[in-house]
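Breakdown of the fold
The primary structure of each chain is shown beneath.
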Amino acid sequence: CMSLQLMEIEGLESAFQVQMCAEERAALEGARLVAESDADELQPELSGSCVVPDVQMSGAPLALTFQLPRLYPLQAAAKLSVDSATPWHVHKEMVQAVTKCAEHASGDCCLFLAVQELKDAAQHLLEAGAVSTEDAAT
């Protein structure tokens, strides 16, 4: 599971802006060391956030936040949430889109797909006039 998680995060980092706090970055480095040594150590849970490219909602960037349980993706789903400055009803629709994506992944890596689902949901909401690209959230 850890090697799949590391490959997925490395792929995300090559394609998108992935943000991690110092603690999250340290866990990632620790996971790389554990994976390289083939040690039977407890694997850290990996987490971070991925900025959705080319989308501004309510004047702020949109991001997918992820937590990967130790058994992800083979036996556990990713825990996904959305960071946005949008009104609650808009935020809720985007969360539903990424949650559905994680649930349907069923044993497969889903972060790339979840970023795309979030982007698609955001663009649909923008086109529907549910929120603007520039206005502050109310």
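Anything mentioned here points back to the structure above.
In this text the structure is predicted, and so the values were computed from the model without any measurement.

Residues Leu 46, Met 57, Leu 62, Phe 66, Leu 80 and Met 94 are the most contacted members of the largest nonpolar core, which totals 39 residues. Contributions of two or more residues to this core are made by helix H1 (2-15), helix H2 (22-37), strand E2 (46-57), strand E3 (60-68), strand E4 (79-83), helix H3 (88-105) and helix H4 (111-127). Other than its neighbours up to four places away in sequence, Leu 80 contacts Leu 64, Thr 65, Phe 66, Val 98, Ala 102, Cys 110, Leu 111 and Ala 114.

Here we take up the pairing of E3. Two faces belong to every sheet, and in a regular strand the side chains alternate between them. Examined bridge by bridge, E2 and E3 share eight bridges and lie antiparallel to one another. By the bridge assignment for E3, Met 57 is matched with Ala 60. Adjacent in sequence and paired antiparallel, E2 and E3 are bridged by two residues, among which Ser 58 carries a positive phi angle near 55°.

In this section: the packing of aromatic side chains. Two descriptors summarise a pair of aromatic rings, namely the distance from one centre to the other and the angle between the planes of the rings. According to the stated counting rule, one finds one aromatic pair in the structure shown. With a centroid separation of 5.8 Å and an interplanar angle of 50°, the aromatic rings of Phe 16 and Phe 112 are classed as tilted. With Phe 16 in the loop between H1 and strand E1 (17-19) and Phe 112 in helix H4, the pair connects residues that are 96 residues apart, well separated along the chain. We classify Phe 112 as partly exposed; its relative accessible area is 38%.

Inspection of the secondary structure puts Arg 32 in helix H2. With relative accessibility at 18%, the residue Arg 32 sits in the buried group. Discounting chain neighbours no more than four positions away, the residues touching Arg 32 are Leu 6, Glu 10 and Glu 13.

Inspection of the secondary structure assignment puts Ile 9 in helix H1. Its relative accessible area of 0% is what places Ile 9 among the buried residues. Sequence-distant contacts of Ile 9, that is, excluding residues within four places in its chain, are made with Met 20, Leu 28, Leu 46, Phe 66 and Leu 68.

Evaluated as defined, the whole model comprises six salt bridges. What you see here is one network of salt bridges that share partners, running through Glu 10, Glu 13, Arg 25, Glu 29 and Arg 32.

Once that is clear, we can look at the packing of H3 against H4. Viewed as axis vectors pointing N to C, H3 and H4 meet at an angle of 150°, and their least axial separation amounts to 9 Å. Taken as axis vectors, H3 and H4 run roughly antiparallel relative to one another. As for the relative orientation of H3 and H4, their crossing is right-handed in sense. Taken together, the residues of H4 that come into contact with H3 (itself represented by Val 90, Glu 93, Met 94, Ala 97, Val 98 and Cys 101) are Leu 113, Ala 114, Glu 117, Leu 118, Ala 121, Ala 122 and Leu 125. When grouped by side-chain class, the residues that make up the contact of H3 with H4 number 11 nonpolar, no polar and two charged.

Reading the values: the criteria
- Residues numbered from 1 in each chain as written.
- Predicted model: local features only at pLDDT ≥ 70, side-chain atom pairs only at ≥ 80, totals over all residues.
- Heavy atoms only, no water.
- Core = buried A, V, L, I, M, F, W, Y, C linked by side-chain atoms within 4.5 Å.
- Buried < 20%, exposed > 50% of the residue type's maximum accessible area, 1.4 Å probe, protein only.
- Helix = DSSP H or I, 4+ residues; strand = E, 2+ residues; numbered from the N terminus.
- Contact = heavy atoms within 4.5 Å.
- Pairing = 2+ DSSP bridges.
- Phe/Tyr/Trp six-rings, centres within 6.5 Å; stacked < 30°, edge-to-face > 60°.
- Salt bridge = Lys/Arg side-chain N within 4 Å of Asp/Glu carboxyl O.
- Axes fitted to C-alpha atoms, helices over the stretch in contact; angles between N-to-C directions.
- Parallel < 35°, antiparallel > 145°, perpendicular 65-115°, else oblique.
- Left-handed = near helix turned anticlockwise from the far one by under 90°.
- Nonpolar A, V, L, I, M, F, W, Y, C, P; charged D, E, K, R; others polar.

Remember, this is a structural readout, not a statement about activity or role.
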